[in-house]
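# Observations on the model geometry
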Amino acid sequence: PLCFVGGYFASKRDPCDYPVRTNQIPREIVNKPTSIVAHPLFIVFLAGLLPFGVMYVDLYFIFSAMFEHLYYYAFGFLFGMVAITAIVCIEMSIVSTYMILCIEDYRWWWRSFYAGGSVALYFALYGLSYLIFDSGLVGGLSRFVFLCYLSIMSTIVYVSMGSLSFCVAYLFVRKIYAAIKAD
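Attention in this report is confined to the structure presented alongside it. (Residues numbered from 1 in each chain as written. Predicted model: local features only at pLDDT ≥ 70, side-chain atom pairs only at ≥ 80, totals over all residues. Heavy atoms only, no water.)

## Brief notes about the overall build of the protein chain
Our working rule: A run of H or I in DSSP becomes a helix once it reaches four residues, and a run of E becomes a strand once it reaches two; helices and strands are each numbered from the N terminus. Exposure is judged per residue with a 1.4 Å probe applied to protein chains only, and the accessible area is read against the type maximum: over 50% gives exposed, under 20% gives buried, and values in between give partly exposed. Whether two residues touch is decided by their heavy atoms; if any such pair falls within 4.5 Å, the residues are in contact. Surface accessibility in these figures is a Shrake-Rupley result with a 1.4 Å probe; residues are shielded only by whichever protein chains are displayed.
Helix and strand content of the protein chain: seven helices and zero strands. Counting helices and strands in the order they occur from the N terminus, the protein chain gives α-α-α-α-α-α-α. Expressed as a percentage of the 183 residues in the protein chain, the buried residues total 31%. Considering only residue pairs separated by 6 or more positions, the protein chain has 80% of its internal contacts joining residues 24 or more positions apart. Summing over all exposed atoms, the protein chain offers an accessible surface of approximately 12700 Å²; the carbon and sulfur share of this is 71%.

## A few points about helix H5 (residues 109–117)
Taken together, the buried positions of H5 are occupied by Ser112, Phe113, Ala115, Gly116 and Gly117. In the core, the buried residues of H5 are packed alongside helix H2 (40–47), helix H4 (75–102), helix H6 (119–134) and helix H7 (140–178).

## Focus: a nonpolar patch on the surface
Short version of the rule: Residues form patches when they are more than 30% accessible in relative terms and have no salt bridge. Like charges link within 9 Å. Nonpolar side chains (Val, Leu, Ile, Met, Phe, Trp, Tyr) link within 5 Å. Basic side-chain nitrogens of Lys or Arg form a salt bridge, by our definition, when they fall within 4 Å of a carboxyl oxygen of Asp or Glu.
Side chains of Met66, Leu141, Phe144, Val145, Tyr149, Ile152 and Ile156 sit close together on the surface and give an oily, nonpolar patch of about 710 Å² of accessible area. If one sorts the elements of the nonpolar patch by residue count, H7 sits on top with six residues. Assignment of secondary structure puts Ile152 in helix H7.

## Concerning the side chain of Thr97
Take Thr97: it is sitting in helix H4. Apart from the residues within four sequence positions on either side, Thr97 is in contact with Trp108, Ser112, Ala169, Phe172 and Val173.

## Some details on the packing of H2 against H4
Note the threshold: A fitted line through C-alpha atoms represents every axis, and for helices the fit uses only the stretch in contact; the resulting angles, taken between N-to-C directions, go from 0 to 180 degrees. Working rule for angles: under 35 degrees goes down as roughly parallel, over 145 as roughly antiparallel, 65 to 115 as roughly perpendicular, anything else as oblique. As a working rule, the residues Ala, Val, Leu, Ile, Met, Phe, Trp, Tyr, Cys and Pro are called nonpolar, Asp, Glu, Lys and Arg charged, and the rest polar, with Gly in that last group.
For the pair H2 and H4, interaxial distance at closest approach is 10 Å and the crossing angle is 175°. Comparing their axes, H4 and H2 come out roughly antiparallel. Along its contact with H2, which presents Ile43, Leu46 and Ala47, the element H4 presents Met92, Ser96, Met99 and Ile100. Split into classes, the residues belonging to the contact of H2 with H4 amount to six nonpolar, one polar and no charged.

## A few points about the nonpolar core
Rules: Each nonpolar core is a collection of buried residues, namely Ala, Val, Leu, Ile, Met, Phe, Trp, Tyr and Cys, held together in the definition by side-chain atoms within 4.5 Å.
Within the largest apolar cluster, 20 residues are counted, with the highest numbers of intra-cluster contacts made by Phe52, Met55, Leu59, Phe63, Phe123 and Phe146. When residues of this core are traced back to their parent elements, those giving at least two are helix H3 (49–67), H4, H6 and H7. The greatest single-element share of this core, amounting to seven residues, is contributed by H6. When sequence neighbours within four positions are dropped, the list of residues in contact with Met55 reads Met81, Thr85, Val119 and Phe123.

## Comments concerning the environment of Met99
Along the chain, the position of Met99 falls in helix H4. Through-space distance from the C-alpha of Met99 to that of Pro40 is 8.4 Å; in sequence the pair is 59 residues apart.

## Some points on the side chain of Thr85
Looking at the element boundaries, Thr85 is found in helix H4. With sequence-adjacent residues up to four places away left out, Thr85 is seen in contact with Pro51, Val54, Met55 and Met161.

## Examining the packing of H5 against H7
Two quantities define a packed helix pair, namely the angle between the helix axes and the distance between the axes. Worth spelling out the cut-off: If you view the pair so one helix is near and one far, a crossing is left-handed when the near helix is turned anticlockwise from the far one by less than a right angle, and right-handed when it is turned clockwise.
Following both chains from N to C, one finds H5 and H7 inclined at 135°, their axes separated by 7 Å at the closest point. Accordingly, the angle class assigned to the pair H5 and H7 is oblique. The way H5 lies across H7 gives a crossing that is right-handed. Taking contact as the criterion, the partners of Trp109, Ser112, Phe113, Tyr114, Ala115, Gly116 and Gly117 in H5 are, on H7, Tyr158, Val159, Met161, Gly162, Ser163, Ser165, Phe166, Ala169 and Tyr170. Classifying every residue of the contact of H5 with H7 by side-chain character gives 10 nonpolar, six polar and no charged.

Here is the structure:
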């Protein structure tokens, strides 16, 4: 139902106008011999490391509250961690999109989504290390439940941070191309 409501409101809006006119024929991307630091995959995976570093502190307490029947009282700290993680994800999205545009690669759309979503890779790896070393869960069913919850949480982190990253990168690219004086 919400799909139809969104489609109705989207059909009533004017189409997006872009700040510059683009060529219909895509330009060939030359594969220059660059270092590993300038490789787009390296940029994407590196972009998720800093936002994960922000949330790393609180993940142990969240996992122990969920699976070891401990109480979690630091909801204000959790809200602050989510806000700071979102801000750092926004900053890393802008930096990674700028780096991808600097190597003259115009395919930034999905890479900006992957840059924000790569936080979920580190989140899942930390969850697996928690399961192996710190959880104390015994039995196959409890580990299976942990892995199910971890996959759901990782998917939520991937979609939310990736969407946030893409929206900010889209606004950033529109802003920098609007500043270009093309005649």
